[in-house]
Amino acid sequence: MSVKDLLIPDRLPRHVAVIMDGNGRWAKQRGTARVFGHKNGVKAVREVTEAAAELGIEFLTLYAFSTENWNRPKNEVDALMSLLVSTIASEAKTLMKNNVQLKTIGCRESLPLKVQEKLTSCMEKTAGNTGLTLVLALSYSSRWEITKGVQKIAEDVKKGLLNVSDIDGQVFSRYLETCNMPDPELLIRTSGEFRISNFLLWQIAYSELYFSSILWPDFRKEHFYEALIDFQKRERRFGKTSDQLILKK
Ligand code: IPE
Ligand code: IPE
Ligand code: MG
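The structure presented is a predicted model; accordingly, all values stated were derived computationally and were not measured. (Residues numbered from 1 in each chain as written. Chains lettered and ligands numbered in written order. Predicted model: local features only at pLDDT ≥ 70, side-chain atom pairs only at ≥ 80, totals over all residues. Heavy atoms only, no water.)

Let's talk about the site of ligand 2
Okay, so step 1: Neighbouring ligand 2 are Ile 19, Met 20, Asp 21, Tyr 63, Ala 64, Phe 65, Ser 66, Asn 69, Arg 72, Arg 189, Arg 195 and Ser 197.
Okay, so step 2: Separating an oxygen atom of ligand 2 from a side-chain N or O atom of Asn 69 is a distance of 2.9 Å.
Okay, so step 3: Between ligand 2 and Arg 195, the relevant distance is 2.6 Å, taken from an oxygen atom to a side-chain nitrogen or oxygen of the residue.
Okay, so step 4: Against a free-state accessible area of 390 Å², the protein chains account for coverage of 77% of ligand 2.
Okay, so step 5: Top contributing element to the shell around ligand 2 by residue count: strand 2 (residues 59-66), with four residues.
Okay, so step 6: Of the residues in the shell around ligand 2, the class split is five nonpolar, three polar and four charged. (Near = heavy atom within 4 Å. Polar contact = N/O pair within 3.5 Å; in protein donor to acceptor, adjacent residues only side chain to side chain. Areas by Shrake-Rupley, 256 points an atom, 1.4 Å probe, with all protein chains shown as cover. Helix = DSSP H or I, 4+ residues; strand = E, 2+ residues; numbered from the N terminus. Nonpolar A, V, L, I, M, F, W, Y, C, P; charged D, E, K, R; others polar.)

Spelled out as structure tokens, the structure:
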């Protein structure tokens, strides 16, 4: 029996978010440049995307490049951007094969033009796919997203399109990059770091958090299944008592 067989099919999350971390340490352990770690992270992206698509998960959001990552050395940023260009081009076929639709969240305009072009063409190509939606968080940070959302709300109020008294959690969610997506039920972070690093702060209000010590380039389908199995063992109470949940069943 494989780990996958332990999954309860009707208790899978609709949306899983992943902070893919540990590429640099993976490379360092091998005495190689950090970029080598990023290159080897692509296989893990493929594995997790395929696993999520096969399981019928609706949304997979991968934190690929944060607003703060622009502060890394220029050669690393440049290498990451070139890797994005080559990966989007080479993985488009796999996305089509797995019926995956590509989307992005983040400040797309801040990405190099070549990256923007590749993204646009891959998003157009996969737009009709009806399986998993793969969301790449690129030049993304939660505070950037929330701040931008607040600006848009203020503009709509000024234009008379929105009443201040109508602003509630649901309305606010519609002004975020993730509008039309359910909140992630599960957030995974690899590499043994226990922090959120400015990722989906609003959306993870009630997410289950799963921390893996595996460095991202070593992350495989089995590790993803293990995270899902762990998730399925949790009792999600949303502020209620355990007894209340049992009564509802
Ligand atoms: C994650 O790996 C990839 C990105 C943030 C782009 P890191 O590059 O952060 O790897 P570590 O944390 O230095 O090991
Ligand atoms: C978070 O990883 C961003 C991505 C995975 C893209 P970092 O490695 O940049 O996070 P910190 O700086 O260690 O918190
Ligand atoms: Mg890191």
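A word on helix 4 (residues 113-126)
Okay, so step 1: The end-to-end C-alpha distance of helix 4, which contains 14 residues, comes to 20 Å, matching closely the 20 Å that a straight helix rising 1.5 Å per residue would cover.
Okay, so step 2: Those residues of helix 4 lying buried are Val 115, Gln 116, Leu 119, Cys 122, Met 123 and Thr 126. Along the axis of helix 4, the buried positions cluster into a sector of 135°, meaning they face one direction only. Seen from the open side of helix 4, the exposed residues pointing more than 90 degrees away from its buried face are Leu 113, Glu 124 and Lys 125.
Okay, so step 3: Residues of helix 4 that are buried sit in contact with helix 3 (74-97), strand 3 (101-105) and strand 4 (133-140). (Expected span 1.5 Å × (residues − 1). Buried < 20%, exposed > 50% of the residue type's maximum accessible area, 1.4 Å probe, protein only. Arc of directions from axis to C-beta. Contact = heavy atoms within 4.5 Å.)

Some words on the UniProt feature "active site" (unreviewed entry) in the protein
Okay, so step 1: UniProt's feature table lists "active site" (unreviewed entry) at Asp 21 and Asn 69, given in the numbering used throughout. The greatest C-alpha distance among the annotated residues, which extend across 49 residues, is 12.1 Å, indicating that they converge on a single site.
Okay, so step 2: Non-local contacts of Asp 21, meaning those with residues more than four positions away in its chain, are made with Arg 189, Thr 190, Ser 191, Glu 193, Ile 214, Leu 215 and Trp 216.
Okay, so step 3: If you trace the backbone, Asn 69 turns up in the loop between strand 2 and helix 3. (UniProt positions renumbered as here; feature names shortened; annotations may be inferred.)

What to know about a nonpolar patch on the surface
Okay, so step 1: Taken together, the side chains of Phe 194, Leu 209 and Phe 211 make up a nonpolar region of the molecular surface, amounting to roughly 290 Å² of accessible area.
Okay, so step 2: Residue position: Phe 211 is located in strand 6 (residues 208-211).
Okay, so step 3: The class of Phe 211 is partly exposed, set by a relative accessible area of 30%. (Patch = residues over 30% accessible without salt bridge, like charges linked within 9 Å, V, L, I, M, F, W, Y side chains within 5 Å. Salt bridge = Lys/Arg side-chain N within 4 Å of Asp/Glu carboxyl O.)

Let's talk about the site of ligand 1
Okay, so step 1: What surrounds ligand 1 is the set Met 20, Asp 21, Gly 22, Asn 23, Gly 24, Arg 25, Arg 34, His 38, Ala 64, Asn 69, Arg 72 and Leu 80.
Okay, so step 2: A distance of 2.9 Å separates an oxygen atom of ligand 1 from a polar backbone atom of Gly 24.
Okay, so step 3: Arg 25 has a polar side-chain atom sitting 2.7 Å from an oxygen atom of ligand 1.
Okay, so step 4: Contact with the protein chains removes 88% of the 380 Å² of surface that ligand 1 exposes when unbound.
Okay, so step 5: Those elements that provide at least two residues to the shell around ligand 1 are helix 1 (23-29) and helix 2 (34-55).
Okay, so step 6: Ranked by the residues each element gives to the shell around ligand 1, the list is headed by helix 1, at three residues.
Okay, so step 7: For the shell around ligand 1, a count of residues per class yields three nonpolar, five polar and four charged.

Some details on the environment of Leu 60
Okay, so step 1: Here Leu 60 is to be found in strand 2.
Okay, so step 2: Taking the C-alpha atoms as reference, Leu 60 lies 24 Å from Ala 79; in sequence the two are 19 residues apart.

So, the nonpolar core
Okay, so step 1: Counting residues in each nonpolar core, the largest one holds 44 residues, and the members touching the most others are Val 16, Leu 60, Ile 188 and Phe 224.
Okay, so step 2: Per-element accounting of this core gives the leading share, eight residues, to helix 3.
Okay, so step 3: With sequence-adjacent residues up to four places away left out, Phe 224 is seen in contact with Val 16, Val 48, Ala 51, Ala 52, Leu 55, Ile 57, Leu 60, Ile 188 and Phe 219.
Okay, so step 4: In this structure, Ala 17, Phe 59, Met 181 and Leu 187 belong to the second largest nonpolar core, which totals 14 residues. (Core = buried A, V, L, I, M, F, W, Y, C linked by side-chain atoms within 4.5 Å.)

Here's the deal with the packing of aromatic side chains
The geometry of an aromatic ring pair comes down to the distance between the two centres and the angle between the two planes.
Okay, so step 1: Going through the model one piece at a time under the given rule, you end up with nine aromatic pairs.
Okay, so step 2: Judged by centre distance (5.9 Å) and plane angle (90°), the rings of Tyr 140 and Phe 199 are edge-to-face. Of this pair, Tyr 140 sits in strand 4 while Phe 199 sits in the loop between strand 5 (186-189) and strand 6, and the two are 59 residues apart along the sequence. Pair check on accessibility: Tyr 140 and Phe 199 agree, each one buried. (Phe/Tyr/Trp six-rings, centres within 6.5 Å; stacked < 30°, edge-to-face > 60°.)

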